[in-house]
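Spelled out from the first residue to the last, the chains are:
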Number of protein chains: 2
Amino acid sequence: MSKTFERRAKQRDALVQAAERAMAARGLANLRTRDLAQEIGVANGAVYNLVADVDELVLMVGSRTLARLDAALSEAEGAGPPAPAKTLVRIAIAYCDFAAANLELWRALFEHRMAPDKPLPDWAVSDQMHLFRHIHQPLAVLFPKRPADEISVTARSLFSAVHGMVALGLEQKLIAVPLSALRKEIAAMVQAMVTGLVANSDRDA
Amino acid sequence: MSKTFERRAKQRDALVQAAERAMAARGLANLRTRDLAQEIGVANGAVYNLVADVDELVLMVGSRTLARLDAALSEAEGAGPPAPAKTLVRIAIAYCDFAAANLELWRALFEHRMAPDKPLPDWAVSDQMHLFRHIHQPLAVLFPKRPADEISVTARSLFSAVHGMVALGLEQKLIAVPLSALRKEIAAMVQAMVTGLVANSDRDA
């Protein structure tokens, strides 16, 4: 590896970490590449020798956030009995706790929009899709006869529903809930969704 | 009513309607009072003789959006059998359809944040709370013995869950779903939540 390549890789790491700190402290909307350039000691324009554009930088921070979320969900999976309904409840609570503890970085995952006509790069899509296995696996145990694409649809709905409870609960918009009450409500609703999905599937069978 | 008062009331209406058109077309983030002043034919600064600030203007637009949403939910309530589970499904679908048909104005309800330390005015809180009766009433029929404050918590969770499905479904972030598939999924999940809530409540009793 050439010295130049090595130096640029180090600078890129420093840039992503500076962006992560800035976003965690002040939110995505207040991210300024000028501040980051100053912090890592490069000229303003040099930032664009390290990343293609701000979208790429924000996605690289997002990738780190998703990796930490993935670890938190894996830990929740193993933290109790492997019964699928209980696992889904633990994962939902872990998602809520992660969002509360990483509020701005978690918000940035959803607030960030690519420039119009610019698709999300494949690696970012695959980072996101990889996380769904945490929901997909317990659902596949609950519904062993159901095809994988149907399970994926249910996994997506279950995630969106829990995400909605977490997002509105933590935003304290329309709806203001203390975290302990929010966790309890999420547990009750996930349990209800699972009970209902199983009951309605038996009825349909 | 004095001429001046009358003229200002008319100008205020024109301002709110211009803001609504601008937000519907270009989103909350691109709202510029300068453009609105020009459109209704007043000087830039005169806007602040009509409304206290941009927050108030956005809330007045939000109030109109909520009133239309309220009408859409009322219509959905009456559009089928009064069975509570079916009513809740119809309301959820109507919420989804309203969001899809009024995307930017609906987004603005959730994207708008008051300046820090500035509380939401009472009338805005009451506009929002009033809408929850659409969910509260069918739940009260399903759980006749449950106290109203517990029903309110469940209503809030059910709303947040449906909101999450609609928001992520329509944002086409992480999750891209055609509207017909989204409506079907929302119906299935609301039915599952209701079935599960009733089953788990019987079990607890």
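Scroll up to find the structure.
As a starting point, this report considers the structure included with it. The shown structure was predicted, so the numbers you read here are calculated from the model rather than taken from an experiment.

**Brief notes about the side chain of B:Asp55**
Residues and elements named next belong to chain B.
In step 1: Its place among the elements puts Asp55 in helix α4 (residues 54-78).
In step 2: Residue Asp55 is classed as buried on the basis of its relative accessible area, which comes to 13%.
In step 3: Residue contacts for Asp55: discarding those within four places in its chain leaves His112, Arg113, Met114, Ala115 and Lys118.

**Observations regarding the relation of the copies chain A and chain B**
In step 1: Expressed as a screw transformation, the operator carrying chain A onto chain B has a rotation angle of 180° and an axial translation of 0.0 Å, and the superposed copies differ by an RMSD of 0.0 Å. Read as a symmetry element, the transformation amounts to a two-fold axis.
In step 2: Interface overlap between copies: 100% of the residues of chain A at the interface are likewise at the interface in chain B, consistent with a symmetric, same-surface contact.

**Examining the packing of helix α5 (residues 84-101) of chain B against helix α8 (residues 133-142) of chain B**
All names here are of chain B.
In step 1: Interaxial distance between α5 and α8 falls to 9 Å at its minimum, and their mutual angle equals 160°. By the angle between their directions, the pair α5 and α8 is classed as roughly antiparallel. In this structure, α5 meets α8 at a crossing whose hand is left-handed. Across the interface between the two elements, Pro84, Thr87, Leu88 and Ile91 from α5 touch His134, Ile135, Pro138, Leu139, Val141 and Leu142 from α8.

**Here we look at the packing of aromatic side chains**
Residue and element names in this part refer to chain A.
In step 1: Under the definition given, this model contains 8 aromatic pairs over all chains.
In step 2: Centroid distance Tyr95 to Phe159: 5.3 Å. Interplanar angle 75°. Geometry classified as edge-to-face. Of this pair, Tyr95 sits in helix α5 (residues 84-101) while Phe159 sits in helix α9 (residues 148-171), placing them 64 residues apart in sequence.
In step 3: In this structure, Arg146 is placed above the aromatic ring of Phe143, and the distance from its NZ or CZ to the ring centre is 4.1 Å.

**Let's talk about the interface of chain A and chain B**
In step 1: Facing 37 residues of chain A, the contacting portion of chain B comprises 37 residues.
In step 2: Surface buried jointly by chain A and chain B totals about 3,200 Å² across both partners, of which 64% is contributed by carbon and sulfur atoms.
In step 3: Where chain A touches chain B, the interface holds 2 salt bridges.
In step 4: A salt bridge links B:Glu111 to A:Arg113; its shortest N-O distance comes to 3.2 Å.
In step 5: On inspection of chain A and its partner chain B, the count reaches 6 residue pairs in polar contact (both at pLDDT 80 or more).
In step 6: Listed by contribution, the elements that provide at least two residues to the side of chain A that touches chain B are α6 (103-111), α7 (122-131), α9 and α10 (179-204) of chain A.
In step 7: Examining the composition of the side of chain A that touches chain B, we find that 13 residues originate from one element, α9(A), more than from any other.
In step 8: Looking at the side of chain A that touches chain B residue by residue, the class counts come to 19 nonpolar, 11 polar and 7 charged.

**Re the pattern of salt bridges**
Residues and elements named next belong to chain A.
In step 1: Taken as a whole and assessed by the stated rule, the structure comprises 16 salt bridges over all chains.
In step 2: For Arg64, the salt bridge is made with Glu20, and the minimal N-O distance between the two is 3.0 Å. Of this pair, Arg64 sits in helix α4 (residues 54-78) while Glu20 sits in helix α1 (residues 3-26), placing them 44 residues apart in sequence.
In step 3: You can call Arg64 partly exposed: its relative accessible area is 34%.

**Remarks on the environment of A:Met193**
Residue and element names in this part refer to chain A.
In step 1: Structurally, the position occupied by Met193 is in helix α10.
In step 2: Residue Met193 is classed as buried on the basis of its relative accessible area of 0%.
In step 3: Placed 35 residues apart in sequence, Met193 and Leu158 show a C-alpha to C-alpha distance of 8.0 Å.

What counts, and at which threshold
Residues numbered from 1 in each chain as written. Chains lettered and ligands numbered in written order. Predicted model: local features only at pLDDT ≥ 70, side-chain atom pairs only at ≥ 80, totals over all residues. Heavy atoms only, no water. Helix = DSSP H or I, 4+ residues; strand = E, 2+ residues; numbered from the N terminus. Buried < 20%, exposed > 50% of the residue type's maximum accessible area, 1.4 Å probe, protein only. Contact = heavy atoms within 4.5 Å. Least-squares fit on C-alpha atoms with pLDDT ≥ 70 in both. Axes fitted to C-alpha atoms, helices over the stretch in contact; angles between N-to-C directions. Parallel < 35°, antiparallel > 145°, perpendicular 65-115°, else oblique. Left-handed = near helix turned anticlockwise from the far one by under 90°. Phe/Tyr/Trp six-rings, centres within 6.5 Å; stacked < 30°, edge-to-face > 60°. Lys NZ or Arg CZ within 6 Å of the ring centre and 35° of its normal. Buried area = accessible area lost by both parts, 1.4 Å probe. Salt bridge = Lys/Arg side-chain N within 4 Å of Asp/Glu carboxyl O. Polar contact = N/O pair within 3.5 Å; in protein donor to acceptor, adjacent residues only side chain to side chain. Nonpolar A, V, L, I, M, F, W, Y, C, P; charged D, E, K, R; others polar.

Remember that the coordinates give geometry; whether it matters functionally is a separate question.
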